[in-house]
Amino acid sequence: MGEPLVFTYDIDGSDFTRAGEASSAVKNRLKMLGVDSNAIRKTAIAMYEGEINMVIHADGGKITVIISDDAITMVLADHGPGIPDIEKAMQEGYSTARAEVRSLGFGAGMGLPNMKRFTDEMKIDAVLGEGTTITMKVKLQDPDRT
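About the thresholds
Residues numbered from 1 in each chain as written. Predicted model: local features only at pLDDT ≥ 70, side-chain atom pairs only at ≥ 80, totals over all residues. Heavy atoms only, no water. Helix = DSSP H or I, 4+ residues; strand = E, 2+ residues; numbered from the N terminus. Buried < 20%, exposed > 50% of the residue type's maximum accessible area, 1.4 Å probe, protein only. Pairing = 2+ DSSP bridges. Axes fitted to C-alpha atoms, helices over the stretch in contact; angles between N-to-C directions. Contact = heavy atoms within 4.5 Å. Core = buried A, V, L, I, M, F, W, Y, C linked by side-chain atoms within 4.5 Å.

K.L.:
Explain the environment of E21 to me, using residue names and the numbers behind them.
P.N.:
Structurally, the position occupied by E21 is in helix α1 (residues 21–32). Among the residues examined, E21 registers a relative accessible area of 40% and is labelled partly exposed.

K.L.:
Tell me about the sheet that holds strand β1 (residues 5–12), and please be specific about residues and values.
P.N.:
Read across the open sheet, the 5 strands follow the order β1-β2-β3-β5-β4; overall the sheet is antiparallel. Both edges of this open sheet fall to β1 and β4 (121–127), since each of them pairs with a single strand only. Pairs of neighbouring strands in the sheet enclose a mean axial angle of 10 degrees, with direction left out of account. Contacting β1, β2 (60–67) and β3 (71–77), α1 runs over the sheet at an angle of about 160 degrees to β1. Where helix α2 (residues 37–58) meets the sheet, its contacts fall on β1, β2, β3 and β5 (131–139), and the angle it forms with β2 comes to roughly 160 degrees.

K.L.:
Talk me through the nonpolar core; I want residue IDs and the actual numbers.
P.N.:
Counting residues in each nonpolar core, the largest one holds 35 residues, and the members touching the most others are Y9, M47, I63, V65, L112 and M136. When contributions to this core are tallied by element, the ones reaching two or more residues are β1, α1, α2, β2, β3, α5 (111–117), β4 and β5. Sorting elements by how many residues they give to this core places α2 first, with 8 residues. If we skip the residues at most four places from it in the chain, Y9 touches A22, A25, V26, R29, M47, G61, K62, I63 and V65.

K.L.:
Residue-level account of the pairing of β4, with values.
P.N.:
For a regular strand, the rule is simple: side chains alternate between the two faces of the sheet. As judged from the 7 bridges shared by β4 and β5, these two strands associate in the antiparallel manner. Opposite K123, over in β5, you have T135 as the bridge partner. Count of turn residues in the β4/β5 antiparallel hairpin: 3 residues, of which G129 carries a positive phi of about 80 degrees.

K.L.:
How would you sum up the pairing of β2? Please name residues and give values.
P.N.:
Where β1 meets β2, 8 bridges bridge the pair, whose relative direction is antiparallel. Its bridge partner being in β2, D12 is matched across the sheet by G60. Sheet topology note: the β2/β3 ladder contains 6 bridges and is antiparallel. Following the sheet pairing, V65 is matched in β3 by M74.

Right, dumping it as structure tokens:
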């Protein structure tokens, strides 16, 4: 591939109907690039979960996707309230989503756990009152390896 490909997406935090468009676009781009289907699936799930979290908790933000020869890196940055207790937020079922969000079928407390489950690396940097940046990486299979 050579030089990494970089794509950026602005996530609108006020529109649930558009949530998921960025992860869908990345999934389609990865398919066009001939990326391994397992890596595409993992990337799409992790990015979708992050995208939804940005809408639910942070009024949107920006996602940068870097596709290199060995990995897909997703950097999700928002200017929301931050995550006060990352360890607690990583527990399956724990959620701070508002009732109206839950009534739409979101906010079950599986976003962060699924993001970690479907990536090879995940790092959360949260500053209360300033925002959260989550960096996730999905490693690509070496096509020369059998």
